[in-house]
2 protein chains.
Amino acid sequence: MNTLAEENYLKCIYHLGMNAAIVSTNQIAASLNTKASSVTDMLKKLADKALINYTRYQGVTLTPAGEKIAIGIIRKHRLWEYFLVEKLNFKWDQVHDMAEEMEHISSQELVDRLDEFMGFPKHDPHGDPIPDCNGRFKTPELIPLSTLVVNQCGVISGVRDHTSPFLQYLEKQQLTIGKKITITDIIEYDHSVALKIETDKEIHISREVANNLLIAL
Amino acid sequence: MNTLAEENYLKCIYHLGMNAAIVSTNQIAASLNTKASSVTDMLKKLADKALINYTRYQGVTLTPAGEKIAIGIIRKHRLWEYFLVEKLNFKWDQVHDMAEEMEHISSQELVDRLDEFMGFPKHDPHGDPIPDCNGRFKTPELIPLSTLVVNQCGVISGVRDHTSPFLQYLEKQQLTIGKKITITDIIEYDHSVALKIETDKEIHISREVANNLLIAL
DNA sequence: TAAAAAATTTAGACTTATCTAAAATATGAA
DNA sequence: TTCATATTTTAGATAAGTCTAAATTTTTTA
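Residues numbered from 1 in each chain as written. Chains lettered and ligands numbered in written order. Predicted model: local features only at pLDDT ≥ 70, side-chain atom pairs only at ≥ 80, totals over all residues. Heavy atoms only, no water.

Draft legend 1. Representation of the packing of helix H1 (residues 4-17) of chain B against helix H3 (residues 36-48) of chain B within the structure. Residue and element names in this part refer to chain B. Two elements in contact, H1 and H3, have axes whose closest approach is 11 Å; the angle formed by their N-to-C orientations is 95°. Considering the angle they form, H1 stands roughly perpendicular to H3. Of H3, the residues touching H1 (which contributes Ala 5, Glu 6, Tyr 9, Leu 10 and Ile 13) are Ser 38, Val 39, Met 42, Leu 43, Lys 45 and Leu 46. (Axes fitted to C-alpha atoms, helices over the stretch in contact; angles between N-to-C directions. Helix = DSSP H or I, 4+ residues; strand = E, 2+ residues; numbered from the N terminus. Parallel < 35°, antiparallel > 145°, perpendicular 65-115°, else oblique. Contact = heavy atoms within 4.5 Å.)

Here it is in structure tokens:
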């Protein structure tokens, strides 16, 4: 098995790799709150284990073996988040740190039974897809709310910022996963957005919030 | 917070301390499959943190602070074991290693909510008492089955050996927690025991098995 | 009660994962 | 295309937890 540090690096590289073909040492260092030199050391180790493709100064990608491990960790993270919210009644802004610990529980059988216990959920509390026991999952077409135009409507289906303050704000505004919204106005001056939630409540959000809310059309 | 290694030492000292006022370096080393010199190093560290009472060559006891931590870990271990058996349908011989990992998940609120989710169980799948959120628990008077006499009866309420082979054997013989048994014969020659389970099945067990089965009268 | 045996501790070394500081390489702007 | 800057790597150090081998202390036993 892999150490906790190795697992965290693989997960990090996977996440960063979603937005770029190649992931740089500095990106990883920033993401893990560590130093570039520490990252280089770990990259050598992961390359020795054939979990990443790495050439000095050229950045990294995951090998299929590395990606499989990363997806397994993400599967565990999201299933435990679902458990914490659906079974233990935590709020969606409270579960991230706990799931960061729980994602490293090693038993494959445990996670598969947990999945079954909860009825094979397809999305975690933040709308992110949960990989199945073979690591497969669909990434639905989601676009930032900020790209919609006036009168366009859609369903809140994900977030790009997973931090507590943002999630708490959304909760208070009733901007939660599954809610249908319609754009009623876009203010030219600051690109803030007015919108209607379901059929009643009308609210106004900043460009930044609109950028971090993901919509399914 | 404490490291994983520290938590394991505290738990180990707690368990060994159940059978002796003072716990020795060698006992800890044997129990943790490590070397006495490693134990000495860790004892210094735990003493510096005021979690154990330690004087060179004299063995250790837990301080109240150390005991509180140990009981917290045991609470988590037993609650997760209960979860694995009652919610995820694992067998009682399969859950120990998983719970060894899960007992180190740090959130106090998580464990308290887990406790509530399961209805505040009093005993884990092996019959061991689960401390409440204040660390309190009752240790019922249990005696080895080997101390009973012919015609005496009691209820199977715990085990002294928690290893898979023993638990699997018990399961196969239907010698599980809660079953009422009555001694029908004790063979002088090898101290093996014949007994009746509930009102029907009659079986024969070795002295060793009888020694590791705990009975409530 | 003194020597032998057992238990424990100390000394020094190793591994993992991290760091700082310095060196090497890549990038991009003039 | 060359030089300044940014990025990345290397070198050497540190802390946690472990190890072996040697030294010390306690316990046992004759």
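Draft legend 2. Up close: the packing of aromatic side chains. Scanning the model with the defined rule gives 6 aromatic pairs over all chains in all. Plain terms: the ring middles of Trp80(A) and Phe83(A) are 5.5 Å apart, the flat faces sit at 85° to each other, and that makes the pair edge-to-face. One end of the pair is Trp80(A) and the other is Phe83(A), both in helix H4 (residues 64-86) and 3 residues apart, which spans about a single turn. Measuring from ring centre to ring centre gives 5.2 Å for Phe83(A) and Phe83(B), while their planes differ by 65°; the resulting arrangement is edge-to-face. (Phe/Tyr/Trp six-rings, centres within 6.5 Å; stacked < 30°, edge-to-face > 60°.)

Draft legend 3. Quick look at the sheet that holds strand E6 (residues 193-197) of chain A. Residues and elements named next belong to chain A. In space, the 6 strands of this open sheet follow the order E3-E8-E4-E5-E6-E7, with antiparallel pairing throughout. Each edge of the sheet is formed by a strand with only one pairing partner; in this case those strands are strand E3 (143-144) and strand E7 (202-205). As judged from the 4 bridges shared by strand E4 (residues 153-159) and strand E8 (residues 213-216), these two strands associate in the antiparallel manner. For Gly 158, the partnering residue across the bridge sits in E8 and is Leu 214. (Pairing = 2+ DSSP bridges.)

Draft legend 4. Expanded view of the interface of chain B and chain A. Counting residues at the interface gives 20 residues for chain B, matched by 19 residues for chain A. A combined buried area of about 1700 Å² lies between chain B and chain A, and 72% of that area is made up of carbon and sulfur atoms. A per-residue breakdown of the area chain B buries against chain A is headed by Leu88(B), Glu101(B) and Arg113(B), which together make up 31% of the total. Linking chain B with chain A are 0 salt bridges. Linking chain B with chain A are 6 residue pairs in polar contact (both at pLDDT 80 or more), by the criterion used here. Those elements giving two or more residues to the side of chain B that touches chain A turn out to be helix H4 (64-86), helix H5 (96-102) and helix H6 (108-117) of chain B. Sorting elements by how many residues they give to the side of chain B that touches chain A places H6(B) first, with 5 residues. Looking at the side of chain B that touches chain A residue by residue, the classes come out as 11 nonpolar, 5 polar and 4 charged. (Buried area = accessible area lost by both parts, 1.4 Å probe. Salt bridge = Lys/Arg side-chain N within 4 Å of Asp/Glu carboxyl O. Polar contact = N/O pair within 3.5 Å; in protein donor to acceptor, adjacent residues only side chain to side chain. Nonpolar A, V, L, I, M, F, W, Y, C, P; charged D, E, K, R; others polar.)

Draft legend 5. Quick peek at the environment of Val209(B). All names here are of chain B. Mapping Val 209 onto the fold places it in helix H8 (residues 207-212). Considering only alpha carbons, one finds Val 209 and Arg 160, 49 residues apart in sequence, at a separation of 9.6 Å. The contact partners of Val 209, leaving out residues within four places of it in the chain, are Phe 166, Tyr 169 and Leu 170.

Draft legend 6. Layout of the packing of helix H1 (residues 4-17) of chain A against helix H2 (residues 25-32) of chain A. Residue and element names in this part refer to chain A. Interaxial distance between H1 and H2 falls to 10 Å at its minimum, and their mutual angle equals 115°. The angle between the axes of H1 and H2 places the two elements in the roughly perpendicular class. Judged by the twist between their axes, the crossing of H1 over H2 is right-handed. Between H1, through Asn 8, Tyr 9, Cys 12, Ile 13 and Leu 16, and H2, the contact on the second element is made entirely by Gln 27, Ile 28, Ser 31 and Leu 32. In terms of residue class, the contact of H1 with H2 is made up of 6 nonpolar, 3 polar and no charged. (Left-handed = near helix turned anticlockwise from the far one by under 90°.)

Draft legend 7. Representation of the pattern of salt bridges in the model. Residues and elements named next belong to chain A. Throughout the structure, instances matching the rule amount to 16 salt bridges over all chains. Notably, a salt bridge pairs Glu 100 with Lys 11, separated by 2.9 Å at the nearest N-O pair. Highlighted residues: Glu 100 in helix H5 (residues 96-102) and Lys 11 in helix H1, separated in sequence by 89 residues. Overlapping salt bridges, with partners in common, bring together Glu 6, Lys 45 and Lys 49 in one network.

Draft legend 8. The arrangement of the protein's contact with DNA strand D in detail. The local shell around DNA strand D holds 21 residues, among which Tyr54(A), Thr3(B), Thr34(B), Ser38(B) and Lys45(B) are the closest. The sugar-phosphate portion of DNA strand D accounts for 73% of its atoms within 4 Å of the protein, the bases making up the rest. Here the residues of the surface near DNA strand D sort into 6 nonpolar, 10 polar and 5 charged. (Near = heavy atom within 4 Å.)

Draft legend 9. Structural view of the sheet that holds strand E7 (residues 202-205) of chain B. All names here are of chain B. Reading across from one edge, E3-E8-E4-E5-E6-E7 is the order of the 6 strands in this open sheet, with antiparallel pairing throughout. Strands at the two margins of the open sheet, each flanked by one partner only, are strand E3 (143-144) and E7. In this structure, E3 lies alongside strand E8 (residues 213-216), joined through 2 bridges in antiparallel fashion. If you follow Ile 143 over to E8, its bridge partner there is Ile 215. Against the sheet, helix H7 (residues 164-172) touches strand E4 (153-159), E7 and E8, its axis set at about 150° to E4.

Draft legend 10. Just H1(B), in detail. All names here are of chain B. If you check H1, its first and last C-alpha atoms are 20 Å apart, about what 14 residues at 1.5 Å a residue would give, namely 20 Å. Buried residues dominate H1, accounting for 10 of its 14 residues. Buried within H1 we find Glu 6, Glu 7, Asn 8, Tyr 9, Leu 10, Lys 11, Cys 12, Ile 13, Tyr 14 and Leu 16. The secondary structure elements touched by the buried residues of H1 are helix H2 (25-32), H3, strand E1 (52-54), strand E2 (60-62), H4 and H5. (Expected span 1.5 Å × (residues − 1). Buried < 20%, exposed > 50% of the residue type's maximum accessible area, 1.4 Å probe, protein only.)

Draft legend 11. Quick look at the domain arrangement of chain A. Residues and elements named next belong to chain A. The domain architecture assigned to chain A consists of domain 1 (4-62), domain 2 (72-139) and domain 3 (143-216). Each of domain 1 and domain 2 has a C-alpha centre, and these two points are 24 Å apart. Listed as interface residues are 6 residues of domain 1 and, on the opposing side, 7 residues of domain 2. Of the roughly 620 Å² buried where domain 1 meets domain 2, counting both sides, 60% is carbon and sulfur surface. Together, Glu 7, Lys 11 and Tyr 14 form the three largest contributors to the area buried by domain 1 at its contact with domain 2, with a combined 68%. The interface formed by domain 1 and domain 2 contains 2 salt bridges. Our enumeration of links across domain 1 and domain 2 arrives at 4 residue pairs in polar contact (both at pLDDT 80 or more). Looking at the side of domain 1 that touches domain 2, its residues break down into 2 nonpolar, 2 polar and 2 charged. (Domains from an automatic or database assignment.)

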